[in-house]
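As a plain string of letters, each chain reads:
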Amino acid sequence: MDHHPAHTTDSPDEGLRRALRIGRRGFLSTCTAVAAGAIAAPVFGAAPAHAADGPVAGGRTKGRGPVLVPAARRGIILYTVRDAIGRDPLSTGLPSGFRAVFGQLARFGYRQVEFAGYGQHANAPGGAVLESLAGARLLRSWLDEYGLRAQGNHGFIPGSWPLTTADTDQFKRHLEIAATLGMDHMGTGGDPTNSSVKADWDLAADKWNALGEIARSFGVKLYTHNHDAAYGFLLDGGPQDAQGRPTRSSGVRKLEYFLKVTDPRLVWLEMDVFWAHVAQYKFRSYTAHDGSVRQDVFDPAALVVANDCRYPLFHAKDGVVDTASGNGYGMVPFGTGVIDYRTFFSRVGHRTTHHPMVEQDNAPSATDPAQSLEHARIGYRNIAALRRTK
């Protein structure tokens, strides 16, 4: 996608020097029943004029209601700053490697991180690969040093089903690493299946229920993180194709069905709010069993409200209108786009049980090595500025 840099009066280096210090981290709360009085109207991508009522670059907001994301819940997925983690600390004065990046994120104010693997540059403290129990203990010591908590990782999910011994052993090793890091959740960035056919989602549900049972034995909640395709419509009826598979839909979306057929005690989800809005833009109609074309616009917040305890994690990723890309949006630093996060987080509620992770896929820059950390700073400032709608 096209890159849309945020407007800010600070240079990247000035922004880093002016970053805030972190306080103590908060503690987990138990997910409770869906909050009463949740707004039922759909939330669409806000028009630019509407977005001006929420946070903007610089952290300003017109709202004076309660804070939507408490300080202890403000997190970031490390994929946003993957270039900083992976660069050679001997080649730059910028924060490099896990330990230094943790320190910088803590100074911005972040209290939580979500991993995207455990690799860094070989010259960073701890060496190149920390995907081991020893590596996890070292990472945990750095997290504790800076008052950060690990909330998840986009890690290993077995490809086999039924599970092979090798896959099961590797899955358990990753769960042990997650538990050592103090994670409450472990997941993946891939869909349970790439199919749209109901039978394949039934099979995927069996697999994820089994994996979730294993994860529970380690005290870890298993989650799947999804992009737009998983919010498309399930093929569950109508005429069959040459392979005997259904070609039409009842109007149920694939992840909606997955939520129904998986055990809520074993399987959780992480909504990427940007990609959920892309799905809202792309998947607006389906061919019903009788051949008629029916309209159905996806409402991301309503799905969360209906399945509140199943969505402990979010990727808070922003976008501007970009219909040329085919997705409807192009990624920008959090709080500088048009996705109406003020309304979204007001609607989903339960601010003490959700964990929003700031993310920007295109934050790293080939020409500006400080950009990803600067965009992380902007993201923190803007998520901290969100106030509840009145």
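Description of the structure in this document. Each chain carries its own residue numbering, running from 1 in the written order of its sequence. This being a predicted model, a pLDDT of at least 70 is required before a residue's local features are given, and a value of 80 or more before pairs of side-chain atoms are given or counted; all residues contribute to the totals for chains, interfaces and linings. Values shown for side chains rest on all heavy atoms present in the structure; no hydrogens or waters enter the calculation.

1. A short note on the nonpolar core
Applied cut-off: Residue types Ala, Val, Leu, Ile, Met, Phe, Trp, Tyr and Cys, when buried and joined through side-chain atoms within 4.5 Å, form a set referred to as a nonpolar core. Burial classification: accessible surface area is computed with a 1.4 Å probe over protein chains only, and a residue below 20% of its type maximum counts as buried, one above 50% as exposed, and the rest as partly exposed. Contacts are assigned to residue pairs with any non-hydrogen atoms lying within 4.5 Å of each other.
Counting 82 residues, the largest nonpolar core has Leu105, Phe115, Leu181 and Met271 as its most contacted members. Residues contacting Leu105, with those up to four places away along its chain left out, are Ile76, Leu78, Tyr110, Val113, Leu373 and Ala376.

2. Section: the packing of aromatic side chains
To be explicit about the condition: Only rings of Phe, Tyr and Trp enter the pairing, Trp through its six-membered ring, and a pair is recorded when the two centres are within 6.5 Å. The plane angle decides the type: under 30 degrees is stacked, over 60 is edge-to-face, the rest tilted. Only DSSP runs of H or I covering at least 4 residues are called helices, and only runs of E covering at least 2 are called strands; the numbering of each starts at the N terminus.
Scanning the model with the defined rule gives 17 aromatic pairs in all. Both rings, one in Trp201 and one in Phe258, keep their centres 5.7 Å apart while their planes meet at 75°; by these two values the pair is edge-to-face. With Trp201 in helix α7 (residues 198-217) and Phe258 in helix α8 (residues 254-261), this residue pair connects regions lying 57 residues apart in the sequence. The buried category is assigned to Trp201, whose relative accessible area is 0%. For Phe258, a relative accessible area of 0% puts it in the buried group. Measuring from ring centre to ring centre gives 4.9 Å for Phe233 and Tyr286, while their planes differ by 45°; the resulting arrangement is tilted. Here Phe233, found in the loop between β5 (221-226) and β6 (237-240), pairs with Tyr286, found in strand β9 (residues 285-287); they are 53 residues apart in sequence, far enough to count as distant. Among the aromatic side chains, those forming a connected cluster through ring pairs are Phe314, Phe334, Tyr341, Phe344 and Phe345.

3. Re the pairing of strand β3 (residues 149-153)
Consecutive side chains of a regular strand alternate in pointing toward one face of the sheet and then the other. The condition is simple: By definition, two strands form a pair when at least two bridges between them are found by DSSP. Viewed with both strands pointing away, a crossover whose connecting path from the first strand over the helix to the second turns clockwise is right-handed.
The buried count for β3 comes to 4 of 5 residues, which makes it a mostly enclosed element. Across 4 bridges, the pairing between strand β2 (residues 112-115) and β3 is parallel. Looking at β3, one finds that Gln112 is bridged to Arg149. Note on the crossover from β2 through helix α5 (residues 133-145) to β3: the handedness is right-handed.

4. What about the packing of helix α4 (residues 97-108) against α5?
For any two helices packed against each other, the geometry is given by the interaxial angle and the distance between the axes. Note the threshold: Between N-to-C directions, angles span 0 to 180 degrees; the directions come from axes that are lines fitted to C-alpha atoms, helices contributing only their stretch in contact. The labels follow the angle: roughly parallel below 35 degrees, roughly antiparallel above 145, roughly perpendicular from 65 to 115, and oblique for the rest. A crossing counts as left-handed when the near helix is turned anticlockwise from the far one by less than a right angle, and as right-handed when that turn is clockwise. Gly is put with the polar residues, along with every residue not named as nonpolar or charged; the nonpolar set is Ala, Val, Leu, Ile, Met, Phe, Trp, Tyr, Cys and Pro, and the charged set is Asp, Glu, Lys and Arg.
Taken N-terminus to C-terminus, the directions of α4 and α5 make an angle of 20°; their axes are 9 Å apart at the nearest point. As summarised for this structure, α4 and α5 are arranged roughly parallel, according to the angle between their axes. The hand of the α4/α5 crossing is right-handed. Between α4, through Phe98, Arg99 and Phe102, and α5, the contact on the second element is made entirely by Leu139, Trp142, Leu143 and Glu145. Of the residues assigned to the contact of α4 with α5, the class counts are 5 nonpolar, no polar and 2 charged.

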